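Examination of the molecular architecture
Residues per chain, in single letters:
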Amino acid sequence: MTPSPDATDDAVIRAFAGLPALLDRAPALIARGRLLDCDCRLGPMDHPCYATIRGGRIVELTPAPVLMRSWRFSYRATAVAWMAYWQAEPKPGWHDLLALTKRGEAVLEGDLHPFMTHLQYFKDLLALPRAKAEAAAS
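Since this is a predicted model, take the numbers as computed values, not measurements. (Residues numbered from 1 in each chain as written. Predicted model: local features only at pLDDT ≥ 70, side-chain atom pairs only at ≥ 80, totals over all residues. Heavy atoms only, no water.)

Side note on the pairing of strand β3 (residues 57–63)
Where a strand is regular, its side chains alternate between the two sheet faces. With six bridges connecting them, strand β2 (residues 49–54) and β3 associate as antiparallel partners. By the bridge assignment for β3, R54 is matched with R57. The turn joining β2 and β3, which pair antiparallel and follow one another in sequence, is formed by two residues; a positive phi near 60° is taken by G55. (Pairing = 2+ DSSP bridges. Helix = DSSP H or I, 4+ residues; strand = E, 2+ residues; numbered from the N terminus.)

Written as structure tokens, this is what we have:
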């Protein structure tokens, strides 16, 4: 895959910063995650954000570095992977969080129970920036 010129950690960090606002506009997704309470790391490989999720809402999102912050699980991917994942119509192999780990473009680590229990929630949450790509494509 040819890297997008926008595929930088800074671009990914900016996209993640907008995630709480995108989530607030998705009440069905919040309802799907209503039983989820966890602290996790999400974002680019070297500069993930620390997310506190309570009742399906992101109540805190703090960019790295944060010293000695605990987390249950971590899902980090390369900037290229995030930009490909956020395309309006991602290519096969770039369309799914677990496909990105299989490609070696993402790392999933820690206690996977909350991630796997709420897998569809996380897939939909982390795909929210696609809406901007879809709007730009139309």
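Examining the pattern of salt bridges
Applying the stated criterion across every chain yields a total of eight salt bridges. As a salt-bridge pair, R57 and D24 come within 3.3 Å of each other at their nearest N and O atoms. Remark: D24 occurs in helix α2 (residues 19–24) and R57 occurs in strand β3; sequence separation between them is 33 residues. Across the pair E109 and R76 runs a salt bridge, and its minimum N-O distance is 2.9 Å. One end of the pair, E109, is in strand β5 (residues 106–110); the other, R76, is in strand β4 (residues 73–77), and 33 residues separate them in sequence. Since its relative accessible area comes to 26%, E109 is described here as partly exposed. (Salt bridge = Lys/Arg side-chain N within 4 Å of Asp/Glu carboxyl O. Buried < 20%, exposed > 50% of the residue type's maximum accessible area, 1.4 Å probe, protein only.)

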